[in-house]
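Structure assessment
Chain by chain, the residues:
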Amino acid sequence: MTPRTLAARLPGNAVRELLRLRSRGEPPPLGQLSRSRSVCGASWRQQQQQQRWQGRRLVAAAAAAGQRIWAQPAAPYTSSPGDMKSYLWEMYNETKKVSEELVFPGRSNFLNPDGIFANNEVCLSDIEIYGFDYDYTLAFYSSNLHTLIFNAAREILIQQHKYPEDLRNYDYNPNFVIRGLHYDVQKGIVMKIDAFHYIQLGTIYRGLSPVPDEQVIEMYEGTHVPLDHMSDFYGKSSHGFTMKQFMDIFSLPELTLLSCVNDYFIKQNIDFEPVYLYKDVKEVIRDVHVKGILYGAVEQDVEKYISHEEKTSAVLERLIDNGKKLFLITNSPFSFVDKGMQYMVGKDWRDLFDIIIVQADKPAFFNDNRRPFRRVNQRDKLHWDKISNLEKGQIYKQGNLYEFLKLTGWTGSKVLYFGDHIYSDLADLTLKHGWRTGAIIPELRSEIKTMNTEQYSQVVVWLQGLTGLLERMQIYEDAESRMVLQEWIKERNELRELTKTIFNPQFGSIFRTHHNPTYFSRRLSRFADIYMATLSCILNYNLHNTFYPRRTPLQHEALLWSDQICGSPSKYSYVEGQSQIK
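Everything quoted here is computed from the prediction, not taken from an experiment. (Residues numbered from 1 in each chain as written. Predicted model: local features only at pLDDT ≥ 70, side-chain atom pairs only at ≥ 80, totals over all residues. Heavy atoms only, no water.)

**Observations concerning the environment of Pro-442**
Cut-off, in case you're wondering: A run of H or I in DSSP becomes a helix once it reaches four residues, and a run of E becomes a strand once it reaches two; helices and strands are each numbered from the N terminus. Burial status follows relative accessibility: with a 1.4 Å probe on protein chains alone, a residue under 20% of its type maximum counts as buried, one over 50% as exposed, and anything between as partly exposed. Throughout, a contact is declared for two residues whenever any of their heavy atoms are within 4.5 Å.
Mapped onto the elements of the fold, Pro-442 is located in the loop between strand S14 (436–440) and helix H16 (443–451). Given a relative accessible area of 22%, Pro-442 falls into the partly exposed group. Residues Pro-442 and Ile-249, spaced 193 residues apart in sequence, show a C-alpha to C-alpha distance of 8.9 Å. With near-sequence residues (within four places) excluded, Pro-442 lies in contact with Phe-140, Arg-179, Ile-249 and Ala-533.

**Structural notes on the packing of aromatic side chains**
The following threshold applies: Stacked, edge-to-face and tilted are the three classes for Phe, Tyr and Trp ring pairs, Trp counted by its six-membered ring, which pair at centre distances within 6.5 Å; planes under 30 degrees apart are stacked, over 60 edge-to-face, the rest tilted. Geometrically, a charge over a ring is one whose NZ (Lys) or CZ (Arg) sits within 6 Å of the ring centre while staying within 35 degrees of the ring normal.
Here the structure, examined in full by the defined rule, presents 43 aromatic pairs. Taking the centre distance of 6.5 Å and the plane angle of 85° together, the rings of Tyr-183 and Phe-246 count as edge-to-face. Remark: Phe-246 occurs in the loop between strand S8 (243–245) and helix H7 (251–267) and Tyr-183 occurs in strand S4 (residues 182–184); sequence separation between them is 63 residues. Note on accessibility: Tyr-183 and Phe-246 belong to one class, buried. A network of ring pairs unites the aromatic residues Tyr-134, Tyr-136, Phe-140, Tyr-141, Phe-250, Tyr-295 and Phe-336 as a single cluster. The ring of Phe-246 carries Lys-244 above its face, with NZ or CZ at 5.2 Å from the centroid.

**Structural notes on the nonpolar core**
It is characteristic of soluble globular proteins that their nonpolar side chains tend to be buried jointly. For clarity, the cut-off: Here, the term nonpolar core denotes a set of buried Ala, Val, Leu, Ile, Met, Phe, Trp, Tyr and Cys residues that are joined through side-chain atoms within 4.5 Å.
Tyr-134, Phe-353 and Phe-404 are the most contacted members of the largest nonpolar core, which has 147 residues in total. With nine residues, helix H5 (residues 143–159) is the single largest residue contributor to this core. Counting 17 residues, the second-largest nonpolar core is a separate cluster that includes Tyr-92, Leu-463, Leu-470 and Val-484.

**Description of empty space enclosed by the protein**
Spelled out, the test is: For cavity detection a 1 Å grid was placed over the protein atoms alone, and a set of points counts as a cavity when a 1.4 Å probe fits there but cannot get out; an open set counts as a pocket when protein lies on both sides within 12 Å along at least five of seven lines, with lining residues being those that have an atom within 4 Å of a point. Grid points are joined across faces, edges and corners, and a volume is the space filled by probe spheres set on the points. Charged means Asp, Glu, Lys or Arg here, nonpolar means Ala, Val, Leu, Ile, Met, Phe, Trp, Tyr, Cys or Pro, and polar covers whatever is left, Gly included.
Applying the stated rule across the entire model yields two cavities of 30 Å³ or more. Taken as a whole, the second largest cavity encloses approximately 40 Å³ of empty space. Taken together, Ile-178, Arg-179, Gly-180, Leu-181, Lys-192, Ile-193, Ser-509, Ile-510, Thr-518 and Phe-520 make up the lining of the second largest cavity. Among the residues making up the lining of the second largest cavity, the classes are represented as five nonpolar, three polar and two charged.

**Topic: the sheet that holds strand S5 (residues 189–191)**
Sheets are built from strands paired through backbone hydrogen bonds, the pairs being either parallel or antiparallel. For the record, the criterion: For two strands to be treated as a pair, DSSP must find at least two bridges joining them.
The five strands are arranged S7-S6-S5-S4-S8 in an open sheet whose pairing can be described as antiparallel. Taken across any chain shown, the strands that pair with only one partner, and hence form the sheet edges, are strand S7 (209–210) and S8. In this sheet, S5 lies alongside S4 in antiparallel orientation, the contact comprising three bridges. Paired with His-182 across the bridge in S5 is Met-191.

**Re the pairing of S14**
Two faces belong to every sheet, and in a regular strand the side chains alternate between them. Burial runs high along S14: five of the five residues are buried. Along S14, one buried face is formed by Arg-436, Gly-438 and Ile-440 and the opposite face, lined by Thr-437 and Ala-439, is buried too. Taken together, the four bridges between strand S13 (residues 415–419) and S14 define a ladder with parallel strand orientation. Across the sheet, Tyr-417 pairs through a bridge with Thr-437, a residue of S14. Where S14 lies against strand S15 (residues 530–532), three bridges are found, and the strand directions are parallel. Counted as the bridge partner of Gly-438 is Ile-530 from S15.

Such coordinate-based values are descriptive only and should not be taken to indicate function.
The following block contains the structure:
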């Protein structure tokens, strides 16, 4: 809670009294929340009015903080419709006032965009070995790279697959899709799904146009996507799965191109099979990578495509200075990695790593124990000698993790591996091998900056207050009350839409649907012990730091015992909890 704790806001310390009574197992009615049950010299009516006012203030404060308390709302002065309506709007105004007070000056800019966030407790003192992916982990790219991928794939579609030349009228839009979306291969529809497999209405697009909610409900017979329709463990659409999840940052141009081609065919009234379109776009995107178009372009103009703002060199040198061992496992070829690392770190970058593995073919690298390592020189020439140990200064290709563990002995929680792809980089390491994992989520920085704005703070706190008020006042079922509640529900829906569009007009935050975590967020919390915007965030902490996950209350746990209401000396515990709600 803030220094101006919720308890201090209420006359007679009503919340503290509530806590005292709760500790004795007595759920008090709201009319008995004052510290004294009688007021010397006051009339019975004055006592009732004061107690009623205190009760309403408590209800409003609890609603604004998103809390639940035992007591039911106090009955209005009379049961007449006019008084009932006045009572509800009085509660509304009181709750809104408390919500506005919670957005205190300085509330913004308290979340650190360069912080490290924990899903599971990690103590850096226990970490002896640090491992890294390359793309979007050690190396960050400018927006020019996604434009390159989009344009190159579009040209292959036109020239080799004979797609209409008018597709050149579509340019790459970096602000259309977000990471973690699902694509229905059979229907040609992109959508956002929450952790419980429910589609978030208002985030369904066919081509570049939204699909009305009524059509979505008709197509899917509701909003739930059955498990057997979802993507497989690695987010792929295979073995009968109809959904493909786009999880890595490189997939954004692919999903955008899919949407653009769909859009063109629909607007031109061209009959097409969505499955073939998906396969064609998937193939040309693969060609951009496999045929070296992407790698060649970046190697020829490193400064255009690689961001030098990230402090990769400083991170690696700091780890080395503290006696840590480093290794690199990437799917990219050596010439591509070498060019980028020389640009970011220097010509002697290889001296920093104990082991370098390229073209590893993750996630197969973590699962297939039949693939041996193969040594390769700086010119990508392969050697045929049997690998019996992994030496510093050498470059290795392919291989598998089981052999890696056997040759190095780097097992268990003393290893921390960083990557940007939750499935390909982190899932198997967490589930099968016991390594600690760190996810690099570049979108995190911009989302936190948005969350730190006063606009977002005001909207999300009032959304919580209004939701809590609706939850408590829905017991009134007379016609006047229902009309008022419908107005509140309409306003709540508008607030929920605003908390979506403030991040991305089409799909919102990558971490939340309205009140639930996204499917992406659920996988992130399962497979990543810690996550951060960039690797350079490590520089903000010493290497003995322990990252503690917040104790977030379960739904059945009353929040009144927490430091959010009981007067924590820090304002951040309360605000952090509120700010996560989108």
